[in-house]
Amino acid sequence: MTWRTASPNYVRCVGIVGGGQLAWMMASAAQKLGLKLAVQTPSATDPAAAIATERVFAAIDDAAATARLACLADVITFENEFVDLAALQELAQRGVRFRPHLEVLTPLLDKLHQRQYLQALGLPTPTFAEFSPDSPITYPAVLKARRHGYDGYGTVVVRTSQELATALTNLGDRPLLVEEFIPFERELAVIAARSTSGEFALYPIVETQQVDQVCRRVFAPVRLEPALAAQIEAIARTLLEHLDAIGVLAIELFLTPDQKVLINEIAPRVHNSGHFSLDACETSQFEQHLRAVAGLPLGNPVMRSPQAVMVNLLGYESAQSDYGKKRQQLAAIPHAHVYWYGKAEARPGRKLGHVTVLLSTPERAAATAIAQQIEAIWYPAE
Ligand code: ADP
């Protein structure tokens, strides 16, 4: 195979492993930067298949397909981490350029390895252990699939030994992690970016709200004590420096009732907690990621409005509807930006789209009211 061998600072086409909504949302930034996108995704109906210049239809963990992608693109990045790392490492040895480098993914793909990596760096995490049937467990605890979990699939809170038995049956025979249940006061998240020249940029810290372990709302920015904000920034800098990361990375955090910060999860890619940046920031997380992987200087992540709220439109039924009427009602909300991912089918819990509303005031009550308005339009009355 012949890889495209552009000089490191001249990237014309970015290959993305994954073709879901995250890749889809890179389209306008790619256009703005004069970049083409090539995607590797299983199906022609996946959101980003429609916006890519080149498509490789294959499973995410099909490294032979990633080799084909590397013939179409100057650099390969990820919107999904369910990859076959060992097989990709062979491609890297044969000269395929990955950004972030595969060494960034190595400690992060398995939730146990990720916790161990954070602990070794001295960063705060919940207490955790590899799960084995005879592990002593203090209830409540959280069981997590070490790999391939997302949107709460693979994460179960267990409060009794009976719940543990049920969770083990449901999770099936796969490697698990067990950790302490954190009775968090709030969940926070932040997107950080690093360029090929080591430039660093941090987005405003946000509050995320999960329902049934799936993100429902994001409030940006969250108001925090300066010391806490500084601690979170220091965590982000330490992580990106140690990983030698290129691109954006999302950090999800718990804020405990006694105001301690613990890291829940790191995602080496653009993330749902940063969708607000598409409309609310000078440079969106999608543009920032493309800038970094293309070897360009970073853009300014500053917000353009005092406050923004993002609400996910999650499927609540199995259907093939495009929910046109509801989308129109959502678009009628002043300063609303409605994104519809164009997925072929709705299923309960599936991320079908999102709405971001920019506010001219910093009061949280106003953002909460808008989130409630959006959810009242979107979800059927109980
Ligand atoms: P996923 O990778 O599927 O997003 P996470 O590990 O991020 O799974 O967990 C999803 C959600 O479950 C979190 O946002 C949080 O609300 C809850 N959760 C996860 N771990 C814990 C924990 N140790 N204590 C309390 N809640 C947790």
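Further up the page is the structure itself.
Quick notes on the rules
Each chain carries its own residue numbering, running from 1 in the written order of its sequence. Under the rules for a predicted model, residues below a pLDDT of 70 receive no local features and side-chain atom pairs below 80 are neither given nor counted, while totals for whole chains, interfaces and linings still include all residues. Calculation of side-chain values draws on the structure's entire complement of heavy atoms; hydrogens and water are dropped beforehand. Centres within 6.5 Å make a pair out of two Phe, Tyr or Trp rings, where for Trp the six-membered ring is used; the pair is then stacked when the planes are under 30 degrees apart, edge-to-face when over 60, and tilted otherwise. Note on conventions: DSSP H or I runs of at least 4 residues are helices, E runs of at least 2 residues are strands, and numbering of each starts at the N terminus. The cut-offs for exposure are 20% and 50% of the maximum accessible area for each residue type, with area from a 1.4 Å probe on protein chains only; residues under the lower value are buried, those over the upper are exposed, and the others partly exposed. Two thresholds decide whether a charge sits over a ring: the Lys NZ or Arg CZ must be within 6 Å of the ring centre and within 35 degrees of the ring normal. We call a residue near a molecule or strand as soon as one heavy atom of that residue lies within 4 Å of the molecule or strand. Residues adjacent in sequence count toward polar contacts only when both atoms are side-chain atoms; beyond that, a polar contact is any pair of N or O atoms within 3.5 Å, and within protein one must be able to donate a hydrogen and the other to accept it. For the area figures, the Shrake-Rupley method with a 1.4 Å probe applies, and any residue is considered shielded solely by the protein chains shown. Note on residue categories: nonpolar means Ala, Val, Leu, Ile, Met, Phe, Trp, Tyr, Cys or Pro, charged means Asp, Glu, Lys or Arg, and polar means any other residue, Gly included. For two strands to count as paired, DSSP must find a minimum of two bridges between them. For this analysis, residues touch if any pair of their heavy atoms sits within 4.5 Å.

Chemist: What should I look at first to understand the packing of aromatic side chains in this one?
Modeler: Between two aromatic rings, the relevant description is the distance of the centres plus the angle of the planes. Enumeration over the complete set of coordinates arrives at 12 aromatic pairs. Judged by centre distance (5.6 Å) and plane angle (75 degrees), the ring pair of Tyr-316 and Trp-378 falls under edge-to-face. In this pair, Tyr-316 sits in the loop between β15 (307-314) and α11 (324-331) while Trp-378 sits in helix α12 (residues 364-378), placing the two residues 62 residues apart along the sequence. On the basis of relative accessible area, Trp-378 is assigned to the buried category, the value being 0%. In this structure an aromatic cluster arises from ring pairing among Tyr-316, Tyr-323, Trp-340, Trp-378 and Tyr-379. Above the face of the Trp-378 ring, Lys-326 is positioned so that its terminal group lies 5.8 Å from the ring centre.

Chemist: Is there a simple way to think about the site of the ligand in this case?
Modeler: For the ligand, the set of nearby residues contains 18 residues, the closest of which are Lys-111, Lys-144, Gly-152, Ile-182 and Glu-187. Separating a nitrogen atom of the ligand from a side-chain N or O atom of Glu-179 is a distance of 2.8 Å. With respect to the ligand, the side chain of Glu-187 contributes an N or O atom lying 2.7 Å from an oxygen atom. Protein chains shield 93% of the accessible area of the ligand, which is 540 Å² for the free molecule. Counting residues per element, the ones that place at least two in the shell around the ligand are β6 (141-145), β8 (176-180) and β14 (261-267). Taken together, the residues of the shell around the ligand sort by class into 6 nonpolar, 5 polar and 7 charged.

Chemist: Would you mind showing me how to read the pairing of strand β2 (residues 36-41) here?
Modeler: Moving residue by residue along a regular strand, the side chains alternate between the two faces of the sheet. β2 sits mainly inside the fold: 5 of its 6 residues count as buried. Where strand β1 (residues 13-17) meets β2, 5 bridges bridge the pair, whose relative direction is parallel. Residue pairing for β2: Gly-15 is matched across the bridge by Ala-38. Alignment of β2 against strand β3 (residues 54-57), held across 4 bridges, turns out to be parallel. What sits directly across from Val-39, in β3, is Arg-55.

Chemist: For this particular structure, what's the right way to read the side chain of Gln-114?
Modeler: Structurally, the position occupied by Gln-114 is in helix α6 (residues 111-120). Among the polar contacts made by the side chain of Gln-114, one reaches the main-chain carbonyl oxygen of Leu-108 at a distance of 3.0 Å. Once residues lying within four places of it in the same chain are set aside, the contact partners of Gln-114 are Pro-107, Leu-108, Asn-264, Glu-265 and Ile-266.

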